[in-house]
Number of protein chains: 2
Amino acid sequence: MDNRHRSATQSDVAKEVGVSRTLVSFAFRGAPGVSEETKQAIFDAAKRLGYRPNAVAADLARKHRSAVGLHLLDIRNEVYADILSGVRMALPQDGNRLILSVSRSVDGEDHGALESLIEARVGIIIAATLLDSDERVHELAKIVPLVSVTRPVDGVDSVYSDDAAGARAATEHLIRLGHTRIAHLAGPVYDGHTVRRQSYAQTMRDAGLKPLLLEADDFTQDAGQRAAAKLLAMTDRPTAIFTHNDPLALGAREAAYALGLSLPSELSLVGYDNSRTSGLHGIDLTSVDLHAVELGRIAGTVALERLSNPDGPAADKRLTPQLVVRNSTAPPVGNSQM
Amino acid sequence: MDNRHRSATQSDVAKEVGVSRTLVSFAFRGAPGVSEETKQAIFDAAKRLGYRPNAVAADLARKHRSAVGLHLLDIRNEVYADILSGVRMALPQDGNRLILSVSRSVDGEDHGALESLIEARVGIIIAATLLDSDERVHELAKIVPLVSVTRPVDGVDSVYSDDAAGARAATEHLIRLGHTRIAHLAGPVYDGHTVRRQSYAQTMRDAGLKPLLLEADDFTQDAGQRAAAKLLAMTDRPTAIFTHNDPLALGAREAAYALGLSLPSELSLVGYDNSRTSGLHGIDLTSVDLHAVELGRIAGTVALERLSNPDGPAADKRLTPQLVVRNSTAPPVGNSQM
DNA sequence: ATGAAAGCGCTAACAT
DNA sequence: ATGTTAGCGCTTTCAT
């Protein structure tokens, strides 16, 4: 009884018109060698029968796979939504199916996610963000072409932002304002995701300052709030915090207000993402723009290229992030020593 | 040369082990009737050859289609990201492929979007939000099972929030605070998407007040800012604005600040969505929560049910929204008369 | 427990 | 211009 929605096939159309299936196939793909007359007859019959091409069967018959698998770490994070919309922009209107896989939670074990994309026989996987180990990423890349977004992986198509430069710009901005006790609120640690913290630490040391790093247990606003609360409870609490991403910064912001602190006079804050929220009046969060939409757009383009040229050299597209200074950062006040 | 990534098939495994394809198929689906011994041999060989089941071919061979097509109006709107994550929660870990289709822009012509989902032969389409005419929705539903999220459609599985109640609650909240010049900032008009404005207008009239409605040309923050700027430039400008959604409200907020107004003393604002942003310190936007994640979760559940019972009666799940009062609303001040 | 064979809806040589 | 035939990788009767 599953045939309630069974649709007509090429055979049905062929029978109706009185021609072979081949002609129907040709007609629908605009292949040459079908007379105008029969073409019309075929389209008419198709319409009458409500025939729709079955893209899946077509893909199976053709050898090549055109579907694009998109893996998103956390769709509720604006960055990933932006990447998704960038990818969409790059893909042709009606060309490649987009098969989505979103991580359930940041459990580090993205296993199932990519696995299901592979079983769906996508022609390529765009992954933003891969949390797996470098080793495993290489294994996966052997099975299916991979475009790593947000994280550079050797020998694998990579589209990312220069995190070292971004973190340096953020840290230097705070140092230049006169801050000395600058903390970095990082996320959980994963292969390929420690660039920002390292660049921060290096920049601090280069300035003769002591790095103060705290890891949040997730990349969310709540995690940021919890972690920042600890940071702000310290006897010699930092006068500035630079966070791994905007949600974390927004969480830190809540923690600060909960303590009655006011920004930026008593605490300077720098986020990372330059999400729409950060530009809102009253939020005014200084943040590093990593051009997420652009990242997605380029990733989509790279994927398309890879699909048509499987053996070309791995792409390595690095965008330069941009520090957007707003009103959440200011020089430290003299009496904020305690 | 496309075979660089060609993976092993059941035949390859069968050959390697020295059994028939049938056994391999059985073994991988856990079908009964395969001895432990051969099962082991099969799995071993599969591993050796790097065999991966081809879910697409399997779907083709089986008659029923298990893939779920998800249509999202605007992924950069948090509501849709929430719906997506709700849907994900409802679908079994590794069960149903999720094929995504996102509208390029709000051009009203979602045509291609759903069309490509149909050609991808998904078993069901979860659509949030359908902008098409009622008539066309019914046509589509004849071709493939449809779950309409966010908008009730007669005879079609629908999962939505009681917009009339939400809009009424918002409007009454403002009336109760003492406002009389309350404007409604609506979005572009589409079939099935005028409930909020109508409920607002009705509530106003019921209170003996005159509705003041303005349509933004999109559902975005920018559109909201543009439209609100007009509203606030009126000689007898409203003392309160209730918007169709949060981005629109956030835009109105920017417009207000750009004019040097302060909230909520000089302008009360009520949004709709209760997005994360609205709860931020300094934003504090009073908003109607439509439980987007829950909407998605239920839609996923309904879709699964429909897949296993194509002929059941259409589901009609209506959630009750909740007004969340924050600090963007207050009584009008006496001297705000102009 | 195991295998043979037909078929899912389509494409792609290879005829005619 | 049109038709024939063999697959694509898998599931599923039906035999054995």
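On a predicted model such as this, the values are computed, not experimentally measured, just so you know. Within any chain, residue numbers begin from 1 and follow the written order of that chain's sequence. The order in which chains are written sets their letters, starting at A; the order in which ligands are written sets their numbers, starting at 1. Predicted model: local features are reported for residues with pLDDT of at least 70 only, side-chain atom pairs are reported and counted for 80 or more only, and whole-chain, interface and lining totals are derived from all residues. As a convention, hydrogens and water are excluded, and side-chain values are obtained from all of the structure's heavy atoms.

1. What to know about the relation of the copies chain B and chain A
Overlaid copies result from least-squares superposition on C-alpha atoms, with residues included only where pLDDT is at least 70 in both. When chain B is brought onto chain A, the operation consists of a screw motion whose angular component is 180° and whose axial shift is 0.0 Å, with 0.1 Å RMSD remaining. Here the copies are linked by what is in effect a two-fold axis. When each C-alpha of chain B is compared by its distance to the rotation axis, B:Ile99 comes out closest, at 2.2 Å. Any pair of residues with heavy atoms lying within 4.5 Å of one another is described as a contacting pair. Of all interface residues in chain B, 100% are interface residues in chain A too; the two copies therefore contact each other through one and the same surface.

2. Examining the sheet that holds strand E6 (residues 182–186) of chain B
Residue and element names in this part refer to chain B. If you trace the six strands from one edge of the open sheet to the other, you get E7-E6-E8-E9-E10-E12, paired in mixed fashion. Every interior strand has two partners, whereas the edge strands, strand E7 (212–215) and strand E12 (322–324), have only one. Geometrically, the sheet is characterised by an average inter-axis angle of 20° between neighbouring strands, direction not taken into account. Following DSSP output, two strands are said to pair if at least two bridges run between them. Only runs of H or I of at least four residues qualify as helices and only runs of E of at least two qualify as strands under DSSP, and these elements are numbered from the N terminus. Two elements, E6 and strand E8 (residues 240–243), share four bridges in a ladder whose sense is parallel. In this description, a line fitted to the C-alpha atoms serves as the axis of each element, helices being fitted only across the stretch in contact, and the angle between N-to-C directions of two axes falls anywhere from 0 to 180 degrees.

3. Concerning the packing of helix H5 (residues 78–90) of chain A against helix H12 (residues 292–308) of chain A
Residues and elements named next belong to chain A. For the pair H5 and H12, interaxial distance at closest approach is 6 Å and the crossing angle is 40°. By the angle between their directions, the pair H5 and H12 is classed as oblique. Viewed along their axes, H5 and H12 form a crossing whose handedness is right-handed. Between H5 and H12, the contacting residues are Val-79, Asp-82, Ile-83, Ser-85, Gly-86, Val-87, Met-89 and Ala-90 on the first element and Ala-292, Val-293, Gly-296, Arg-297, Gly-300, Thr-301 and Leu-304 on the second. Three classes are used, and their members are as follows: Ala, Val, Leu, Ile, Met, Phe, Trp, Tyr, Cys and Pro are nonpolar, Asp, Glu, Lys and Arg are charged, and the others, Gly among them, are polar. Taken together, the residues of the contact of H5 with H12 break down into eight nonpolar, five polar and two charged. Each angle receives one of four descriptions, namely roughly parallel if under 35 degrees, roughly antiparallel if over 145, roughly perpendicular if within 65 to 115, and oblique otherwise. What makes a crossing left-handed is the near helix being turned counterclockwise from the far one by less than a right angle; a clockwise turn instead makes it right-handed.

4. With respect to the domain arrangement of chain A
Residues and elements named next belong to chain A. Examined at the domain level, chain A breaks down into domain 1 (68–161 + 291–320) and domain 2 (163–290). Taking both sides of the interface into account, the surface hidden between domain 1 and domain 2 amounts to around 1400 Å²; carbon and sulfur atoms contribute 50%. Whenever Lys or Arg places a side-chain nitrogen within 4 Å of a carboxyl oxygen from Asp or Glu, that contact is recorded as a salt bridge. Inspection of the domain 1/domain 2 interface yields two salt bridges. Linking Arg-276 and Glu-78 is a salt bridge whose minimum nitrogen-to-oxygen distance equals 2.9 Å. Whenever a nitrogen or oxygen atom comes within 3.5 Å of another N or O atom, the pair is scored as a polar contact, on the condition that within protein one atom can donate a hydrogen and the other can accept it, and that pairs from neighbouring residues in sequence are kept only if both atoms are in side chains. There are eight residue pairs in polar contact (both at pLDDT 80 or more) connecting domain 1 and domain 2. Breaking the side of domain 1 that touches domain 2 down by element, the ones donating at least two residues are H5 and H12. If you tally residues by element for the side of domain 1 that touches domain 2, the top one is H5, at three residues. Here the side of domain 1 that touches domain 2 is composed, by residue class, of six nonpolar, seven polar and six charged. Domains are outlined according to an automatic or database domain assignment. Take the accessible area each of two parts loses on contact, using a 1.4 Å probe, and add the two losses: that sum is the buried area.

5. So, helix H7 (residues 134–143) of chain B
Residue and element names in this part refer to chain B. When we look at burial in H7, the residues that qualify are Arg-136, Val-137 and Leu-140. End-on view of H7: buried residues confined to an arc of 105°, all on one side of the axis. Facing away from the buried surface of H7 by more than 90 degrees, the exposed residues are Glu-135 and Lys-142. Buried, partly exposed and exposed residues are distinguished by accessible area as a fraction of the type maximum, computed with a 1.4 Å probe on protein chains only: under 20%, between the cut-offs, and over 50%, respectively. The arc in question is the one spanned by the directions pointing from the helix axis to the C-beta atoms.

6. Focus on the pattern of salt bridges
For the coordinates displayed, the defined rule picks out 40 salt bridges over all chains. Across the salt bridge formed by B:Glu294 and B:Arg297, the nearest N and O atoms sit 2.9 Å from each other. Separated by three residues within a single helix, B:Glu294 and B:Arg297 lie in helix H12 (residues 292–308), roughly one turn from each other. We classify B:Arg297 as partly exposed; its relative accessible area is 29%. Through salt bridges with shared partners, a single network forms among A:Arg52, B:Glu115, B:Asp132, B:Arg136 and B:Glu139.

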